[in-house]
Every structure is written in C-alpha cells, then in structure tokens.
Amino acid sequence: ALPLTPVDGCGIVLNRFRRSRARIACRRLRLGRLTGLEMATIADIAQEGGVSRATVSLALNGKPGVASETRRRVLEIAERLNYQPNASARSLALHRTQTIGVIVPDISSPFYAELVRGVEEEASRRGFYLILATTLGKPSREKMYFRLLGEQRADGIVILTPRAVSYTHLRAHE
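Parameters at a glance
- Residues numbered from 1 in each chain as written.
- Predicted model: local features only at pLDDT ≥ 70, side-chain atom pairs only at ≥ 80, totals over all residues.
- Heavy atoms only, no water.
- Phe/Tyr/Trp six-rings, centres within 6.5 Å; stacked < 30°, edge-to-face > 60°.
- Buried < 20%, exposed > 50% of the residue type's maximum accessible area, 1.4 Å probe, protein only.
- Salt bridge = Lys/Arg side-chain N within 4 Å of Asp/Glu carboxyl O.
- Helix = DSSP H or I, 4+ residues; strand = E, 2+ residues; numbered from the N terminus.
- Lys, Arg positive; Asp, Glu negative; His and termini not counted.
- Polar contact = N/O pair within 3.5 Å; in protein donor to acceptor, adjacent residues only side chain to side chain.
- Contact = heavy atoms within 4.5 Å.

*Asks:* Which residues make up the packing of aromatic side chains, and what are the values?
*Replies:* The final tally for this structure, using the stated rule, is 1 aromatic pair. Plain terms: the ring middles of Phe111 and Tyr112 are 5.2 Å apart, the flat faces sit at 75° to each other, and that makes the pair edge-to-face. Exposure remark for Phe111: the relative accessible area of 53% places this residue in the exposed category. Relative accessible area serves as the criterion here: at 11%, Tyr112 is assigned to the buried category.

Next up, the structure:
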C-alpha cells in the first residue's frame, strides 16, 4: 500500500499520486471558506446531478440537447451550490474577455475623467467592462500597460494621450 499523508492541513489524506488534485480542491475550499461562498465547478454539479460535464455546460448555457427535467435539475443544483462561471475559462473558450483597457495620463484631470466616463458608459451599454490604467504621463508606463492589457487579452485598448503615439512605438523594446 502507498503511504498516506495529509494535504495542506485540509483534513484530506491521500497517497502521493492524488495529492495535486487534492491541493486544488483544498485551495478552492479555503477560498470558499474565506469568502463565505463555496466555489462550485461544473464537475461538482455534474457529480451531484449524475450527468456529464458536457450536459451541465449545455444546460447552464441554455443550449439545445438537454431534456427539460435535466436542465431544471442542473440549474437547481447550480443555484444551491452557488455556482459562478469561471470568467477565465469562458474567455479562453470564447476568445473574448469582454474587457476594454483605457490608458490615460492622469485620471484627476476633468478632461480625461469625462472622456473615460463616456467610454465606460458606451462599453457598459455594449456589455463590456473597463480596465483603467494611469500612466502619470510616462511613456514607459504607456508601454507597460499596453503590454499588460495585451497579455490579459483585452478585447480593445483605448489610449488617451496629449501626444501622438504609434502602435510601433508601444510595441518597441518588448
């Protein structure tokens, strides 16, 4: 028999081949305890409902191919378990993050504040979220935020600056 050891103080004891999966479950449980919400996954719903993860995904997304009784049961379990979709997983699957980055030199300026407000209103109306970055007028910070927003897969980037900026300039020195 393989030796059994505790995993991260969660009260779970497993052999070394199953420890990595248990660590993930422990982190999820700890985070759930800290926030007061249990962080259920599609797999949790599938297991409790006795259906496949694909069926749960179809039911949660309102897609055809799921019996109405199964859909009702999946939705009921999801609500009871406080299921929240994983935005990172969704953005990977859909190749969209529903975010727009806005880079400004100084948000305390009434001019830029008004522009950002207009961008935010329109983005919100279209179902997008805004990520705001302030450069303090430093070109190095413009480049840094441009790169960071690209890494975060923002669907768009709006750069508000008093000087001309080219895409080539922002991409330089990566």
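*Asks:* Got a sec to walk through the pattern of salt bridges? Specific residues and values, please.
*Replies:* Throughout the structure, instances matching the rule amount to 7 salt bridges. Glu122 is the salt-bridge partner of Arg125, the closest N and O atoms lying 2.5 Å from each other. Taken together, the residues span about one helical turn, with Arg125 and Glu122 both in helix H6 (residues 110-125) at a distance of 3 residues. Exposure remark for Glu122: the relative accessible area of 31% places this residue in the partly exposed category. A salt bridge links Glu151 to Arg147; the nearest nitrogen and oxygen atoms lie 3.8 Å apart.

*Asks:* So what's going on with the side chain of Arg71? Which residues, and what values?
*Replies:* Looking at the element boundaries, Arg71 is found in helix H4 (residues 68-80). Among buried charged residues, Arg71 stands out as having no salt bridge; its nearest opposite-charge side chain is Glu69, 11 Å away. At a separation of 2.7 Å, a polar atom in the side chain of Arg71 contacts the main-chain carbonyl oxygen of Lys63. With residues up to four places along the chain from it excluded, the contact list for Arg71 reads Leu58, Ala59, Gly62, Lys63, Pro64 and Val66.

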